[in-house]
Amino acid sequence: MSDTLHHALPPAARPRRFKTVRTVGAVILREMMTSYGRSPGGYAWAILQPVGGIALMSFILSTGFRIRTPGLGTSFPLFLATGLLMLSMFLSIAGNVANSLMRNKPLLFYPGVKYTDTLIAGFLLTTLTQILVIYAIIGGIHIVFDLKSILDMGAVLMAIGLSAALGLGVGTLNCFLFNAFPLWGNIWGVLTRPLFLVSCVIFLFEDIPREFQDMAWWNPIIHLVALMRRGFYASYDATYASPLYVGILSMVTLTFGLLFLNRFHRTFLER
């Protein structure tokens, strides 16, 4: 009976299969065109820019600041990359998700597009891009410097997954805060600037003076960096790293972000 009724309905009245998947895919294509389609090289620049940034920063720190001996291993570029890539992944995902609502505002006036579709699209596009960046940079460093790392893929995948989850959670909450309190965008920019220095990107957590370690531990980026380095340095246990803490923080920020957006996103769109 239900099959007969389904075929009797006109095409416009039939339920669309995989509606969310199609909508998210369309938003991803739109974001790729608007973000990369107009620049020379297109999407390739999303990979080449961080690769060049890592190379330039490694050169500056190792020559200008004479930091040639890393905290772990013998390759400073690898040590720097395992820290900087986690910070970059978190900031990129959080920033893209936070701005996805207003960036795709015209699409949200269509009845088939939900605000969650824009969040998912921004998250997936940025996450996949960052994974390609990690693969290109880490792989390139191993090839150029002929490194033979003994990988702990469990730790590497956990670091990448938690970084993506934290970026999604913080980005979703910021999506509400940026629109509800425009000044928060400026405050967030100020708060994130010192993250490079306070997230153990160029040194180890163990090198922090003991009296500051308890306070630094609450920085979730430190845990992501520690997990990533545990995956590339077999001798590094990073016992202080807590995936549970990062996971809880990700879920809490995501939950509150979705609750607030569900209540107020229409108000933001009507401005």
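Residues numbered from 1 in each chain as written. Predicted model: local features only at pLDDT ≥ 70, side-chain atom pairs only at ≥ 80, totals over all residues. Heavy atoms only, no water.

Caption draft 1: Just the environment of Met33, in detail. Relative to the elements of secondary structure, Met33 occurs in helix 2 (residues 19–36). What makes Met33 exposed here is its relative accessible area of 58%. Distance from Met33 to Tyr43, taken between C-alpha atoms, is 8.7 Å for residues 10 residues apart in sequence. (Helix = DSSP H or I, 4+ residues; strand = E, 2+ residues; numbered from the N terminus. Buried < 20%, exposed > 50% of the residue type's maximum accessible area, 1.4 Å probe, protein only.)

Caption draft 2: Molecular detail of the nonpolar core. Core analysis: the largest hydrophobic core is formed by 75 residues, its most contacted members being Met86, Ile134, Phe196 and Leu261. Those elements that place two or more of their residues in this core are helix 2, helix 3 (44–64), helix 4 (76–98), helix 6 (115–144), helix 7 (153–180), helix 9 (195–198), helix 11 (220–232) and helix 12 (243–269). A total of 14 residues in this core trace back to one element, the largest contributor, which is helix 4. Discounting chain neighbours no more than four positions away, the residues touching Ile134 are Leu85, Met86, Met89, Gly139, Ile160 and Met228. (Core = buried A, V, L, I, M, F, W, Y, C linked by side-chain atoms within 4.5 Å. Contact = heavy atoms within 4.5 Å.)

Caption draft 3: Representation of unusual backbone geometry. Its identity as a non-glycine residue notwithstanding, Cys200 has a phi of 60°, on the positive side. Within the element layout of this structure, Cys200 appears in the loop between helix 9 and helix 10 (210–216). Here Ala238, not a glycine, exhibits a phi torsion of approximately 50°, which is positive. Of note, Ala238 is situated in the loop between helix 11 and helix 12.

Caption draft 4: Quick peek at a nonpolar patch on the surface. Together, Leu244, Ile248, Val252, Phe256, Leu259 and Phe260 give the surface a local cluster of nonpolar side chains, amounting to about 570 Å² of exposed area. For Leu244, a relative accessible area of 62% gives the class exposed. (Patch = residues over 30% accessible without salt bridge, like charges linked within 9 Å, V, L, I, M, F, W, Y side chains within 5 Å. Areas by Shrake-Rupley, 256 points an atom, 1.4 Å probe, with all protein chains shown as cover. Salt bridge = Lys/Arg side-chain N within 4 Å of Asp/Glu carboxyl O.)

Caption draft 5: Structural view of the packing of helix 4 against helix 6. Remark: helix 4 packs on helix 6, axes separated minimally by 9 Å, with the N-to-C direction vectors making an angle of 170°. With respect to helix 6, the element helix 4 is oriented roughly antiparallel. Considering only residue class, the contact of helix 4 with helix 6 consists of 16 nonpolar, 9 polar and no charged. (Axes fitted to C-alpha atoms, helices over the stretch in contact; angles between N-to-C directions. Parallel < 35°, antiparallel > 145°, perpendicular 65-115°, else oblique. Nonpolar A, V, L, I, M, F, W, Y, C, P; charged D, E, K, R; others polar.)

Caption draft 6: Region of interest: the packing of aromatic side chains. Under the criterion given, the structure shown has 10 aromatic pairs. With a centroid separation of 5.8 Å and 35° between ring planes, the pair formed by Phe176 and Phe264 is classed as tilted. Here Phe176 is found in helix 7, whereas its partner Phe264 is found in helix 12, with 88 residues between them in sequence. By relative accessible area, which is 9% here, Phe176 ends up buried. (Phe/Tyr/Trp six-rings, centres within 6.5 Å; stacked < 30°, edge-to-face > 60°.)

Caption draft 7: Quick peek at helix 4. In a regular helix each residue adds 1.5 Å, so 23 residues correspond to 33 Å; helix 4 covers 33 Å between its end C-alpha atoms and thus fits that length. Counting buried residues along helix 4, 19 of its 23 residues qualify, which places the element largely inside the surrounding structure. At the N-terminal end of helix 4, a side-chain oxygen is found 3.3 Å from the backbone nitrogen of Leu78, two or three residues along, and the residue is Ser75. (Expected span 1.5 Å × (residues − 1). Polar contact = N/O pair within 3.5 Å; in protein donor to acceptor, adjacent residues only side chain to side chain.)

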